[in-house]
Amino acid sequence: MGTEHSKNERRRSIFFLRKGPKLPAWEDALLSGKDPKSLLKRGLHYVSLSLIMKGMTSAPDFLWGLPEVQKLNLSRNHLVAIPPSLGKLDRLVVLNLGSNRLKFLPKEIGLLRNLKVLFVNMNCLTEVPAELSLCRKLEVLSLSHNCISQLPSSLTDLTSLKKLNLSNNRFVQIPLCIFALRSLDFLHLGSNRLENIAESVQYLVNLQIFIIENNNIRTLPRSLCFITALELLNVDYNSIQTLPDDLYLLHRLPRIAWNPMDKGLHISHNPLSRPLPEIVEGGLDVLFNYLREKKEHN
């Protein structure tokens, strides 16, 4: 009896779905009278839903009725906004909104208290909502390729954040809130408008990869040399003329690196003062010995 009743309810829901307002072609093809929950993939650890490259200009309403989804991929569409209803998906662990046309994020993103990974790269953001700081479990955040020039001070609360990508934005200085993120092991600030690195960078004691290429930086602060966990430091394509004498303290840098993917010190395409260009060509050991001897003689 119960089974027959549920079948009737099912037929009714399909009838109204078909007789209701015409769905976009992609949504009609996806659903075809099916329960939206049938689109979910139930893996060993996560319930996921992927709607990549569907030509969407707005997120489908049925999404907000799927509270069990934990991994949601809406990347590579034409989304111009995400509605406040996003806050209903409070089990989300991974959210990918990359490669859309978003100009802002709803403040309700702060309701996603289980969120660990957030991609909003390649959009049109000019600011980040302060409420993002409520996502205390966030470990990975990519905001690259946007139009952001500052971050809310409240992001100091993201104490679990390990990887932060802010490359290809409009930062003139490194936001102060970043220096409070002591768990960071990866920080990408390449292709911005930075002119200096604040001495406070020394507080990022767990930083292993620091990319700050293609900016307008003229000097490296001495405090940078105290981040001894660094394995990759990329300052290519800047305006650096001199190097701090204590740079040799970065003993985990294995080499002068030329390939963007290699660990080591990337320092090409800078107007280094003589004799630094020749010394750099000799390799990292030669450079470090030079700086060490220079310090001892000063």
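What counts, and at which threshold
Residues numbered from 1 in each chain as written. Predicted model: local features only at pLDDT ≥ 70, side-chain atom pairs only at ≥ 80, totals over all residues. Heavy atoms only, no water. Helix = DSSP H or I, 4+ residues; strand = E, 2+ residues; numbered from the N terminus. Rg over C-alpha atoms; globule rule 2.2 N^0.38 Å. Buried < 20%, exposed > 50% of the residue type's maximum accessible area, 1.4 Å probe, protein only. Contact = heavy atoms within 4.5 Å. Areas by Shrake-Rupley, 256 points an atom, 1.4 Å probe, with all protein chains shown as cover. Lys, Arg positive; Asp, Glu negative; His and termini not counted. Charge placed at Lys NZ, Arg CZ, Asp CG, Glu CD. Core = buried A, V, L, I, M, F, W, Y, C linked by side-chain atoms within 4.5 Å. 1 Å grid on protein atoms, 1.4 Å probe; cavity = no way out; pocket = protein on both sides within 12 Å on 5 of 7 lines; lining within 4 Å. Points joined across faces, edges and corners; volume = space filled by probe spheres on them. Nonpolar A, V, L, I, M, F, W, Y, C, P; charged D, E, K, R; others polar. Pairing = 2+ DSSP bridges. Polar contact = N/O pair within 3.5 Å; in protein donor to acceptor, adjacent residues only side chain to side chain. Expected span 1.5 Å × (residues − 1). Arc of directions from axis to C-beta.

Moving on: the overall build of the protein chain. Secondary structure summary: the protein chain contains four helices and eleven strands in total. For the protein chain, whose C-alpha radius of gyration is 24 Å, the value lies well above the compact-globule estimate of 19 Å for 298 residues. Once the C-alpha set of the protein chain is aligned to its principal axes, its extents read approximately 90 × 30 × 30 Å. Counting every position in the protein chain, which comprises 298 residues, the buried fraction comes to 47%. The contacts of the protein chain with a sequence gap of at least 6 include a subset with a gap of at least 24, amounting to 31%. Summed over its atoms, the accessible surface of the protein chain is roughly 15,400 Å², and 50% of this surface lies on carbon and sulfur atoms. When the 37 basic and 27 acidic side-chain charges of the protein chain are each reduced to a single mean position, those positions are 10 Å apart.

Moving on, we get to unusual backbone geometry. Arg 274 connects to Pro 275 through a cis peptide bond whose omega is 10°. Residue placement: Pro 275 occurs in the loop between strand 11 (264–266) and helix 3 (276–281). At His 269, a position not held by glycine, the phi torsion is positive, near 60°. One can find His 269 in the loop between strand 11 and helix 3. Among the residues examined, His 269 registers a relative accessible area of 51% and is labelled exposed.

Further remarks concern the nonpolar core. Among soluble globular proteins, nonpolar side chains are generally buried collectively. Within the largest apolar cluster, 84 residues are counted, with the highest numbers of intra-cluster contacts made by Leu 63, Leu 151, Ile 178, Phe 210 and Leu 287. Elements with a minimum of two residues in this core: strand 2 (47–50), helix 3 and helix 4 (284–297). Sort the elements by how many residues they give to this core and helix 4 lands first, with four residues. If near-sequence neighbours (up to four positions away) are discounted, Leu 151 is found in contact with Val 128, Leu 143, Leu 166, Phe 171, Pro 175, Cys 177 and Ile 178.

Okay, empty space enclosed by the protein next. A complete count under the given rule lists one cavity of 30 Å³ or more for this structure. There is about 50 Å³ of room inside the largest cavity. Leu 141, Leu 151, Leu 155, Leu 158, Leu 161, Leu 164, Cys 177, Ile 178 and Leu 181 together form the lining of the largest cavity. Residue composition of the lining of the largest cavity, by class: nine nonpolar, no polar and no charged.

Further remarks concern the pairing of strand 2. Judged by which residues are buried, strand 2 turns out to be one-sided: Val 47 and Leu 49 face inward and are buried, whereas Ser 48 and Ser 50, on the alternate face, are not. The pairing of strand 1 (residues 41–42) with strand 2 spans two bridges and is antiparallel. Bridged to Lys 41 within strand 2 is Ser 48. Where strand 1 hands over to strand 2, the hairpin turn is made up of four residues, counted between the paired strands. Looking at chain direction, strand 2 and strand 3 (residues 71–73) are connected through three bridges and run parallel. Among the inter-strand pairings, Ser 48 is bridged to a residue of strand 3, identified as Lys 71.

Right, let's get into the side chain of Asn 215. Counting through the fold element by element, Asn 215 comes out in the loop between strand 9 (209–211) and strand 10 (232–234). By relative accessible area, which is 5% here, Asn 215 ends up buried. A polar contact is formed between the side chain of Asn 215 and the backbone oxygen of Ile 212, at a distance of 3.1 Å. Contact partners of Asn 215, with chain neighbours within four places excluded, come to Leu 189, Gly 190, Ser 191, Asn 192, Arg 193, Leu 194, Tyr 237 and Asn 238.

A rise of 1.5 Å per residue sets the reference length of helix 4, with its 14 residues, at 20 Å; its end C-alpha atoms lie 20 Å apart and thus fit the reference within 8%. Turning to helix 4, its buried residues are Leu 284, Leu 287, Phe 288 and Leu 291. An end-on view of helix 4 places all buried positions within 95° of arc, on one side of the element. Of the residues in helix 4, the exposed ones pointing more than 90 degrees away from the buried face are Asp 285, Glu 296 and His 297. Tucked into the core, helix 4 has its buried residues touching strand 11 and helix 3.

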